[in-house]
Amino acid sequence: MTYNYQMIIEYDGTNFVGWQKQKNGLSIQAIVQNALKKYFNRNININGSGRTDSGVHALAQSANFKIEKKIENNEKFINSLNFFLKKYPISIISIKRRNLKFHARFSAKQRVYKYVILNRIGSVAIDKNKVWHIRKKLNLGMIIKGAKLLKGTKDFSTFRSSKCSATSPIKTLNKIFITKTGNLIIIKFSSQSFLMQQIRSMVGCLKKLGDGTWNLSKFERVLKSKKRSMCAAVSPPDGLYLEKVFY
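What counts as what
- Residues numbered from 1 in each chain as written.
- Predicted model: local features only at pLDDT ≥ 70, side-chain atom pairs only at ≥ 80, totals over all residues.
- Heavy atoms only, no water.
- Helix = DSSP H or I, 4+ residues; strand = E, 2+ residues; numbered from the N terminus.
- Rg over C-alpha atoms; globule rule 2.2 N^0.38 Å.
- Buried < 20%, exposed > 50% of the residue type's maximum accessible area, 1.4 Å probe, protein only.
- Contact = heavy atoms within 4.5 Å.
- Areas by Shrake-Rupley, 256 points an atom, 1.4 Å probe, with all protein chains shown as cover.
- Lys, Arg positive; Asp, Glu negative; His and termini not counted.
- Charge placed at Lys NZ, Arg CZ, Asp CG, Glu CD.
- Axes fitted to C-alpha atoms, helices over the stretch in contact; angles between N-to-C directions.
- Parallel < 35°, antiparallel > 145°, perpendicular 65-115°, else oblique.
- Left-handed = near helix turned anticlockwise from the far one by under 90°.
- Nonpolar A, V, L, I, M, F, W, Y, C, P; charged D, E, K, R; others polar.
- Core = buried A, V, L, I, M, F, W, Y, C linked by side-chain atoms within 4.5 Å.
- Salt bridge = Lys/Arg side-chain N within 4 Å of Asp/Glu carboxyl O.
- Polar contact = N/O pair within 3.5 Å; in protein donor to acceptor, adjacent residues only side chain to side chain.
- Pairing = 2+ DSSP bridges.
- Phe/Tyr/Trp six-rings, centres within 6.5 Å; stacked < 30°, edge-to-face > 60°.
- Lys NZ or Arg CZ within 6 Å of the ring centre and 35° of its normal.

Draft legend 1. Spotlight on the overall build of the protein chain. Each helix and strand counted, the protein chain has five helices and ten strands in total. Radius of gyration (C-alpha) of the protein chain: 19 Å, near the 18 Å computed for a compact globule of 247 residues. By its C-alpha atoms, the protein chain is 60 × 40 × 30 Å across when sized along the principal axes. Residues classed as buried in the protein chain amount to 47% of the 247 residues present. In the protein chain, 69% of the contacts between residues at least 6 apart in sequence involve partners at least 24 apart. Of the accessible surface of the protein chain, which amounts to about 12700 Å², a share of 49% is contributed by carbon and sulfur atoms. Counting 46 positive and 12 negative side-chain charges, the protein chain places the centres of these two groups 5 Å from one another.

This is the structure:
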């Protein structure tokens, strides 16, 4: 009998080439698969909900795998796998049995990412590699106005990486929440799926609005241009987190 399991995984992506297994460095997928191999004594392939880039973090990456063996004790499984992962900033948070049709990527109905900006003069100590540090004071009101223009179903070609393999640049950005607490600005994006580097590209352009380099009409022209060449420099991966996946 075949069983299908979903895992929720937390990781610090700083020193990895990203989620996806690659030949040029350590990936989260490869390390977790190796831990599963140690546990089950066989090769296991896992499917992630999204291919986070190098340096991008996850609070709740969702992944599934199939195995011809029932996991009898979830707590024992989680503890064992985390023991094998203890050298790395990767943690298995939970595991749940799913039906055989469930796929972490293709079954997802909504993905929520958050981007964290530390807006202060002082350098970063505790949150190094976890935020985008911007020294120049940002105008939160302008960032909020720009974010409103991004909501809805649009052609996001401007914010699409040249390496993006998506069949269409048209995506629906359902929600954008922006909050500020002290020196931290948090921007949350919710959509069924995103183009490669779409979020970091959008944040890079919102930063231009916030620091006064661009005005709102310039931001709108860039969005409507559908030209990647018009996009601002992408924001660093440090501040980006995959926060939650809904099914």
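More follows now that the structure is in view.
Draft legend 2. Representation of the packing of helix α3 (residues 140-150) against helix α4 (residues 198-210) within the structure. Between α3 and α4, the least distance of the axes is 8 Å, while the angle of their chain directions is 140 degrees. By the angle class used here, α3 and α4 are oblique. Viewed along their axes, α3 and α4 form a crossing whose handedness is right-handed. Residue-level inspection shows Met142, Ile143, Gly146, Ala147 and Leu150 of α3 in contact with α4, the latter providing Met202, Leu206, Leu209 and Gly210. Classifying every residue of the contact of α3 with α4 by side-chain character gives seven nonpolar, two polar and no charged.

Draft legend 3. Structural view of the nonpolar core. Met7, Leu36, Phe65, Phe77 and Leu150 are the most contacted members of the largest nonpolar core, which has 65 residues in total. Leaving out residues up to four positions away in the same chain, Leu36 has contacts with Met7, Asn41, Arg42, Ile44, Ile46, Phe65, Phe77 and Leu81.

Draft legend 4. The arrangement of the pattern of salt bridges in detail. A complete count under the given rule lists five salt bridges for this structure. One salt bridge connects Lys130 with Asp12, and the closest N-O pair in it is separated by 2.9 Å. Taken together, the residues Lys130 in the loop between β5 (110-119) and β6 (132-134) and Asp12 in the loop between β1 (3-11) and α1 (28-40) connect sequence positions 118 residues apart.

Draft legend 5. Here's a closer look at the side chain of Gln29. Inspection of the secondary structure puts Gln29 in helix α1. Residue class for Gln29 comes out buried when judged on its relative accessible area of 8%. Within the structure, the side chain of Gln29 is placed 2.8 Å from the backbone nitrogen of Lys21, a separation counted as a polar contact. Among all residues touching Gln29, those that are not within four sequence positions of it are Trp19, Gln20, Lys21, Asn45 and Ile46.

Draft legend 6. View of the pairing of strand β9 (residues 184-191). Bridge count between β5 and β9: eight bridges; the pairing is antiparallel. Bridged to Leu118 within β9 is Leu184. Two strands pair when backbone bridges link them, and strand β8 (residues 170-181) and β9 are joined in this way by eight bridges, in the antiparallel orientation. Within the sheet, the bridge partner assigned to Lys180 lies in β9 and is Ile185. Between the antiparallel neighbours β8 and β9 lie two residues, among them Gly182 with a positive phi of about 65 degrees.

Draft legend 7. Quick look at the packing of aromatic side chains. Considering all chains together, one arrives at 13 aromatic pairs under this definition. For the pair Tyr115 and Trp132, a centre-to-centre distance of 6.2 Å together with 85 degrees between the ring planes defines the contact as edge-to-face. Placement of the pair is Tyr115 in strand β5 and Trp132 in strand β6, with a sequence separation of 17 residues. On the accessibility criterion, Tyr115 (0% relative accessible area) is buried. Over the aromatic face of Phe102 sits the side chain of Arg98, whose NZ or CZ is 4.5 Å from the ring centroid. Seen from the ring of Tyr241, Lys114 lies directly overhead, with NZ or CZ sitting 5.4 Å from the centre.

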